[in-house]
Amino acid sequence: MNSNDVLVKALALDDAVRVYVLKTTDLVNEAIRRCDTYPSASDCLGKVLTVTCAMGSMLKGSEELTVKVNGNGPIGNIICDGDATGAVRGYCDNPHVNFVNTSGGLNTLYTLGDDGLIEVIKDLKLKDFFTSSIPLQTGNLAYDFTYYFTVSEQTPSVVSLGSLFDVDNTAKIFGGIIIQLLPNCPEEKIAYIESKLSLLNNLSQLLLDLDCSDILRMLFNDDFRILESMTPRFECKCSKEKFSASIATLGESEIQDMIEKDHGCECICHYCKEVYKFNEEELSDILDEVRRNGKIKCNA
């Protein structure tokens with residue numbers, strides 16, 4: 001499927017600043033389609049997916065991460081995975097929630113809540129995972145991820161997120177920008193960035209009107225260089241083989257019940273809602289493998 005989505009990584013202001021500019025409209029619409037989210041839930045999930053995509057692009061090689069956000073609001077948990085190639089997947093506990101504010105706009109603050117945590121788990125292909133978490137400060141995801149980067153990763157940052165929805169609940173535009181100060185960034189560069197932040201107050205319109213390089217030029221004139229561009233995309237790594245391995249962990253008696261009483265089973269991926277069906281013969285093969293080896297080896 002062709003996509004207009006893009007993630008651009010750049011250095012700016014004499015390489016003193018790192019910048020990520022993203023358009024994630026198609027990615028978010030795929031998540032809306034798969035997860036069947038209502039409007040304010042779509043906005044919350046889309047924003048976490050967008051930040052996760054940017055954070056994934058900060059990784060290297062086969063490294064991966066998981067971002068969990070729970071503000072104890074009606075949407076419940078939002079859980080997103082990302083990698084270094086721009087691939088992300090995500091879901092929320094309660095997709096069928098929608099709240100509007102007094103002006104008729106989406107009330108994402110009430111949907112998400114503001115009494116909870118942002119938790120980031122990074123798989124850097126070392127012995128242990130790297131885990132960090134911060135309490136939500138405001139329930140505004142842009143502000144809270146700004147706080148996360150600054151406090152948890154010791155990287156002073158600005159996060160801005162933009163979204164507009166059509167009447168059919170599809171995203172008309174979605175995206176974001178992350179500006180990060182590199183070590184020893186001069187004070188005059190910091191002051192320059194602060195003078196430009198008001199330009200991001202209507203990021204949604206900027207994303208509609210400009211491409212990512214134009215947004216960089218608006219912010220930094222010609223004092224930037226693009227390092228890399230990639231295509232953000234909703235991509236799930238589930239497979240029937242992985243679900244076979246999960247079924248094997250249920251134990252012999254439960255698998256036997258699925259064969260004799262249910263005559264098969266159906267598994268649905270939390271992330272992408274793909275349905276995997278197992279008939280009696282397939283379940284019998286899993287059961288035989290469990291009896292021989294105690295588990296199923298999964299190479300996926």
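In this text, all values refer to a predicted model and were calculated from it rather than measured experimentally.

A.B. asks: Break down the layout of surface pockets for me, citing the residues and quoting the values.
C.D. replies: As a volume, the largest pocket reaches approximately 520 Å³. As for the largest pocket, its lining consists of 23 residues, and the residues nearest its centre are Asn140, Ala142, Ser160, Leu161 and Asn201. Listed by contribution, the elements that provide at least two residues to the lining of the largest pocket are helix H2 (39-57), helix H4 (141-152), strand E8 (157-165) and helix H6 (203-209). Grouping the amino acids of the lining of the largest pocket by side-chain chemistry returns eleven nonpolar, ten polar and two charged.

A.B. asks: Just give me the short version of the sheet that holds strand E7 (residues 130-135), but keep the residues and values in it.
C.D. replies: In spatial order, the strands read E7-E6-E3-E4-E5-E11; together these six strands make up an open sheet with mixed pairing. The open sheet has two free edges, formed respectively by E7 and strand E11 (233-234), since each of these has just one partner strand. The sheet contact formed by strand E3 (residues 64-70) and strand E4 (residues 78-83) spans six bridges and is antiparallel. Residue pairing for E4: glutamate 64 is matched across the bridge by aspartate 83.

A.B. asks: Quick one: what's the story with the pairing of strand E2 (residues 17-23), residue by residue and with numbers?
C.D. replies: Most of E2 is tucked away, with six of its seven residues classed as buried. Sheet topology places strand E1 (residues 6-12) next to E2; seven bridges connect them, and they run antiparallel. Paired with alanine 12 across the two strands is valine 17, which belongs to E2. The turn joining E1 and E2, which pair antiparallel and follow one another in sequence, is formed by four residues; a positive phi near 55 degrees is taken by leucine 13. Where E2 and strand E9 (residues 171-181) come together, seven bridges link them in antiparallel fashion. Residue pairing for E9: valine 21 is matched across the bridge by isoleucine 177.

A.B. asks: Go over the packing of aromatic side chains with me, naming the residues and quoting the values.
C.D. replies: By the definition in use, this model includes five aromatic pairs. Judged by centre distance (4.7 Å) and plane angle (70 degrees), the rings of phenylalanine 99 and tyrosine 110 are edge-to-face. Taken together, the residues phenylalanine 99 in the loop between strand E5 (87-92) and helix H3 (108-112) and tyrosine 110 in helix H3 connect sequence positions eleven residues apart. Phenylalanine 99 sits in the partly exposed class, given a relative accessible area of 27%. Plain terms: the ring middles of tyrosine 148 and phenylalanine 149 are 5.6 Å apart, the flat faces sit at 65 degrees to each other, and that makes the pair edge-to-face. The lysine or arginine in question, arginine 89, covers the ring of tyrosine 271, its NZ or CZ lying 3.7 Å from the ring centre. When the ring centre of phenylalanine 278 is taken as reference, the NZ or CZ atom of lysine 240 above it lies at 5.0 Å.

A.B. asks: Tell me about helix H7 (residues 212-220), and please be specific about residues and values.
C.D. replies: Regarding H7, the residues found buried are Cys212, Ile215, Leu216, Leu219 and Phe220. Angularly, the buried residues of H7 cover 110 degrees about the axis, an arc narrow enough to put them on a single face. Packing partners of the buried residues in H7 comprise E1, E2, E9, helix H5 (187-196), H6 and strand E10 (224-230). Two residues or fewer past H7, asparagine 221 is found with a positive phi of approximately 55 degrees.

A.B. asks: Before we move on, could you go through the packing of helix H8 (residues 240-248) against helix H10 (residues 280-293) and cite the residues and values that matter?
C.D. replies: Relative orientation of the contacting elements H8 and H10 amounts to 60 degrees, with a least axis distance of 10 Å. Considering the angle they form, H8 stands oblique to H10. Regarding H8 and H10, the two cross each other, and that crossing is right-handed. On H10, the residues that touch Lys240, Ser244, Ile247 and Ala248 of H8 are Glu282, Leu283, Ile286 and Val290. In terms of residue class, the contact of H8 with H10 is made up of five nonpolar, one polar and two charged.

Calculation notes
- Residues numbered from 1 in each chain as written.
- Predicted model: local features only at pLDDT ≥ 70, side-chain atom pairs only at ≥ 80, totals over all residues.
- Heavy atoms only, no water.
- 1 Å grid on protein atoms, 1.4 Å probe; cavity = no way out; pocket = protein on both sides within 12 Å on 5 of 7 lines; lining within 4 Å.
- Points joined across faces, edges and corners; volume = space filled by probe spheres on them.
- Helix = DSSP H or I, 4+ residues; strand = E, 2+ residues; numbered from the N terminus.
- Nonpolar A, V, L, I, M, F, W, Y, C, P; charged D, E, K, R; others polar.
- Pairing = 2+ DSSP bridges.
- Buried < 20%, exposed > 50% of the residue type's maximum accessible area, 1.4 Å probe, protein only.
- Phe/Tyr/Trp six-rings, centres within 6.5 Å; stacked < 30°, edge-to-face > 60°.
- Lys NZ or Arg CZ within 6 Å of the ring centre and 35° of its normal.
- Arc of directions from axis to C-beta.
- Contact = heavy atoms within 4.5 Å.
- Axes fitted to C-alpha atoms, helices over the stretch in contact; angles between N-to-C directions.
- Parallel < 35°, antiparallel > 145°, perpendicular 65-115°, else oblique.
- Left-handed = near helix turned anticlockwise from the far one by under 90°.

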